[in-house]
Amino acid sequence: MTEDDASIFKTIARPLRLTLLGMWAERLVRAFWPLWSVLIATLSALAFGLQDVLPIEIAWPAVILAGLAALGFLWRGARAFRRPSRTEALIRLDQRLPGRPLAALTDTQAVGIDDPASLAVWQAHRARMAARTAKAHAVEPDLRLASRDPFALRYVALTAFVMALMFGSLWRVTSVEALAPGSAANIAAGPTWEGWAQPPAYTGKPTVYLNEVEQGTLDLPVGTRLQFRLYGEVGDLTLSETVSQRTEVPPASQSLHDFVLRQSGRVSVDGAGGRAWDFTAIPDASPAVSADKTLERQADGKLKQKFTAKDDYGIAKGEVSIALDLGAVQRVYGLTIDPEPREPAILDLPLPVHGSRADFTETLIDDLSKHPFANLPVTMTYTVTDAANQTGRAEPLHAVLPGKRFFDPFAAALIEMRRDILWNRANAPAVAQVLRAVTNRPEDLVRNQRAFQRLRKLMGDLDAQAASLTPETRDSMAEELWQIALMVDEGDLASALENLRRAQDRLDEAIRNGADKSEIDQLMKELRQAMNDYMRQLAQEADKNPDQQQPDTQGMQMSADQLQQMLDELQKLMEEGKTAEAQQLMELLRQLMENMQVVQGQGQGQGQGGPGQQAMRDLQDTLRNQQGLSDDAFRDLQQGPEGEGEGTGQDGQSLADRQRELRDRLGQLQDGQLPGDGNEQGEEGRRQLDRAGRAMDEAEDALRDGDLPRALDLQAEAMEAMRDGMQSFGDALAENRRQGDASQGEEFGQADPNGQRDPLGREPGNSARIGSDRNMLQGQDVYRHAQDLLDEIRRRSGEQARPEGERDYLRRLLDMF
């Protein structure tokens, strides 16, 4: 080897040495992993003291078997082990380098030694290989044993050893000498006794190894487990204690003592090397809980209440019992008779997921709106339990159990009837009678056809089973009444205008009834959403029917921002408690929204539009006629069995014949030219019209069969499909207009001129004022006087103390303006 070669190999001395050490580790692990697995598993068993608890007949064979296994694996490993050499390490290192540079550097030039050009090429080659060699790094060993140990026995042994270090004692290994004959004299080499104090796990306190605690006083929780092991000849060591309160005490010389700390006292190990301790028992205090006196109701009817719980080591669980406070119930109407027995409602208390449970404050939130105790006086008792199974109770809280509030009067009546049959099944006949009375003339009371159909079926079932109502049937009827009340109160309507009116009615009713802030906030959110939906629908209608919009700017104009400002002002008035002013503003908002429409800019044409727009008008007429037919069918259903069947409608035609005519008219429109032919919106519109046609066919069959409820459902489906189809066609028309003239905009919020005539039939004026442009008064006072009159009318219409007839008249005046 030349001096250059020596210097090159000197640069790789460290990577080569590390690679060689890695090969040693790799081969030792592969050859002897069974040996060290057996050794640490045996050591773990000894550290846990198995030799002390197993009979000697089992302990000796186990020790011999472990020794034989260790010797066998040692012999097997010695045969399999092959000592790695420096050359093998060099080869492994060279294999990791690109081009095998180490092998190239040990080669010699075979030909062309005397040729300068050949020699120069050879030297360049060696220089390039030397540069690659300088970048060498140690090769890491492959210590993976998965193929040799598919069951991961080495990890089992290692886990047992770690557990022995944590929870066992290596001192116990020396006790194996006791298994040998005549070994008693050697016991003194290790401890002659061992003791442990293990506090209850829920305290979080560590185990105390008493051999490491000098004589003195120890403060430990009540329930601490004390274990002592006495080694050596029986009688050399004895144990005495006054802490366990045991009635049956084992012999003091027994080798194993296991008892629980119950009281303060003394424990002593008497004999050679013995020790004594004075234990102070720390009692586990009972947990405590207290609840806020205020029981809140959220806007959706859920109850909300804060509570605080404390315990020295932490709360394990908690619950609140809610029982009917019968003495506080106002016994009127359906509550005059005694209630049926009912178990208290039990709610689990929420506990902290993270952090300490020793002292915390949480909030109980649950929905008991459907419970029979909802909106009735109850007694709430909070109870908490710690890990020691000790309980703590709060003072009973007397309150009205929160429930969902229904602002629609008819929905509220249904919920009251539901309460009565849940109170006692004996109220069923009276409930049936009240339901018949309130639904005698439902035209102005029930606005939801499906809700009325479901209620009518429920009334029939209640009449038939009132005398023999079972608890299961009662509960199912109560659930049905709940669902019907939700439909009436929250609505199941497709019309954005109806949703807006319902939101206004519910908010107005909440203001009258003095609803709390959370309920007002929730109803304001619903009103804002309903108004946004209505404005969006108006915009879509304007896109679908641009020829029906007026190009002038007559009437009052109001932007979306101004509407939001009105809503903000309304919420502010309610928060400040100015209910009269809030009702006046609500009435003004109602009038504005009733007359609201959307107008296009001046660029829109005034003609009848193209064929697509004409088709949209025809679809609107068909939808309007379908709605009228559905209303007639609903009236027939309300009239009872004598009005059911095919019915006679307009011009002597039956309802089924009118349904057939509407179906034929829809088919003609489908065969004609519709907006958006060939694009995605147009195709979706045609699919919706096909769905509407199928629903009309089935509705006709149901009408001929006299099945009015099913016919109403199918007619509702047909109208919904037609609306969806018209929306798709409207999107197609809007897209066409945007492509044709992207500069055209739209203005929201012009009051409908047709709805803005004064009581004398005069046309409204411009410039956002109420009144006529025709001169009746002169000067600037005209506008101020007109505005003052309008404000006075609004103020009086919002005063609750005025007679209802006068307020109706004032509202009609506002309708005309």
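Going by the structure above, here's the rest.
These lines cover the structure that appears in this document, whether it is placed above or below. Keep in mind that this is a model prediction, so the values were computed, not measured.

This paragraph deals with the overall build of the protein. From N to C terminus, the protein includes 22 helices and 19 strands. Counting only residues that meet the buried cut, the protein has 42% of its 817 residues in that class. About 43300 Å² of surface is accessible on the protein, with carbon and sulfur atoms providing 52% of the total.

For the coordinates displayed, the defined rule picks out 32 salt bridges. Across the pair Arg474 and Glu340 runs a salt bridge whose closest N-O atoms are separated by 3.4 Å. You can see Arg474 sitting in helix α12 (residues 471–490) and its partner Glu340 sitting in the loop between β12 (315–324) and β13 (345–348), a full 134 residues away along the chain. Side by side, Arg474 and Glu340 carry an identical accessibility label, which is buried. The residue Arg660 makes a salt bridge to Asp697 at a minimum N-O spacing of 3.4 Å. Of this pair, Arg660 sits in helix α18 (residues 655–671) while Asp697 sits in helix α19 (residues 680–704), and the two are 37 residues apart along the sequence. One continuous salt-bridge network, built from bridges that share partners, spans Asp657, Arg660, Arg663, Asp664, Asp697, Glu700 and Arg704.

Let us look at the sheet that holds strand β4 (residues 225–230). The strand order across the open sheet built from four strands is β2-β1-β4-β6, with neighbouring strands paired in antiparallel fashion. With partners counted over all chains shown, the strands left at the sheet margins are β2 (208–209) and β6 (256–260), one partner each. Note that β4 and β6 share five bridges and pair antiparallel. Across the sheet, the residue bridging to Arg229 is Leu256, located in β6.

This structure, assessed with the given rule, holds 10 aromatic pairs. Ring geometry for Trp193 against Trp277: centres 5.7 Å apart, planes inclined by 75°, an arrangement best described as edge-to-face. One end of the pair, Trp193, is in strand β1 (residues 193–198); the other, Trp277, is in strand β8 (residues 275–282), with 84 residues separating them in the sequence. Residue classification places Trp193 among the buried positions, given a relative accessible area of 3%. Here the aromatic rings of Phe228 and Phe259 are separated by 6.2 Å at their centres, their planes lie at 15°, and the arrangement is stacked. Of this pair, Phe228 sits in strand β4 while Phe259 sits in strand β6; the two residues are 31 residues apart in sequence, bridging distant segments of the chain. Taken together through their ring pairs, the aromatic side chains of Trp193, Phe228, Phe259 and Trp277 make up a single cluster.

This next bit is on the packing of α18 against α19. Interhelical geometry of α18 versus α19 gives an angle of 160° and a closest axis separation of 9 Å. The pairing of α18 with α19 is recorded here as roughly antiparallel in orientation. Remark: the crossing between α18 and α19 carries left-handed chirality. Taking contact as the criterion, the partners of Leu655, Ala656, Asp657, Gln659, Arg660, Leu662, Arg663, Leu666 and Gln670 in α18 are, on α19, Arg686, Leu689, Asp690, Ala692, Gly693, Met696, Asp697, Ala699, Glu700, Leu703 and Arg704. Taken together, the residues of the contact of α18 with α19 break down into nine nonpolar, three polar and eight charged.

As judged from the four bridges shared by strand β5 (residues 238–241) and strand β7 (residues 265–270), these two strands associate in the antiparallel manner. When the bridges of β7 are listed, Thr238 appears paired with Asp270. Hairpin remark: β7 followed by β8, antiparallel, with four residues in the connecting loop; positive phi at Gly271, about 130°.

Let's shift gears to the sheet that holds β8. With respect to topology, four strands assemble into an open sheet ordered β3-β8-β7-β5, the strand pairing being mixed. Each edge of the open sheet is held by one strand with a lone partner, namely β3 (216–221) and β5. Strand-to-strand twist across the sheet, computed as the mean angle between neighbouring axes with direction ignored, equals 20°. Of the strand pairs in this sheet, β3 and β8 are connected by six bridges, and their pairing is parallel. The residue of β8 that forms the bridge with Leu220 is Ala281.

Now for the nonpolar core. Counting residues in hydrophobic clusters, the biggest one holds 27 residues, and the most contacted among them are Leu507, Met524, Leu527, Leu570 and Met574. Tallying contributions element by element places helix α14 (residues 517–544) first for this core, with eight residues. Ignoring anything within four residues of it in the chain, the contact list for Leu527 reads Leu500, Ala503, Gln504, Leu507, Leu567, Leu570, Met586 and Leu589. Grouped together as the second largest cluster of nonpolar side chains are 26 residues, Phe406, Phe410, Leu462 and Met477 included.

In this section: unusual backbone geometry. In the Ramachandran plot, Ala152 falls in the positive-phi region, its phi being about 55° despite a non-glycine side chain. Residue position: Ala152 is located in the loop between α7 (116–134) and α8 (153–167). The phi dihedral of Asn375 is positive, around 65°, even though this residue is not glycine. Since its relative accessible area comes to 37%, Asn375 is described here as partly exposed.

About the criteria used
- Residues numbered from 1 in each chain as written.
- Predicted model: local features only at pLDDT ≥ 70, side-chain atom pairs only at ≥ 80, totals over all residues.
- Heavy atoms only, no water.
- Helix = DSSP H or I, 4+ residues; strand = E, 2+ residues; numbered from the N terminus.
- Buried < 20%, exposed > 50% of the residue type's maximum accessible area, 1.4 Å probe, protein only.
- Areas by Shrake-Rupley, 256 points an atom, 1.4 Å probe, with all protein chains shown as cover.
- Salt bridge = Lys/Arg side-chain N within 4 Å of Asp/Glu carboxyl O.
- Pairing = 2+ DSSP bridges.
- Phe/Tyr/Trp six-rings, centres within 6.5 Å; stacked < 30°, edge-to-face > 60°.
- Axes fitted to C-alpha atoms, helices over the stretch in contact; angles between N-to-C directions.
- Parallel < 35°, antiparallel > 145°, perpendicular 65-115°, else oblique.
- Left-handed = near helix turned anticlockwise from the far one by under 90°.
- Contact = heavy atoms within 4.5 Å.
- Nonpolar A, V, L, I, M, F, W, Y, C, P; charged D, E, K, R; others polar.
- Core = buried A, V, L, I, M, F, W, Y, C linked by side-chain atoms within 4.5 Å.

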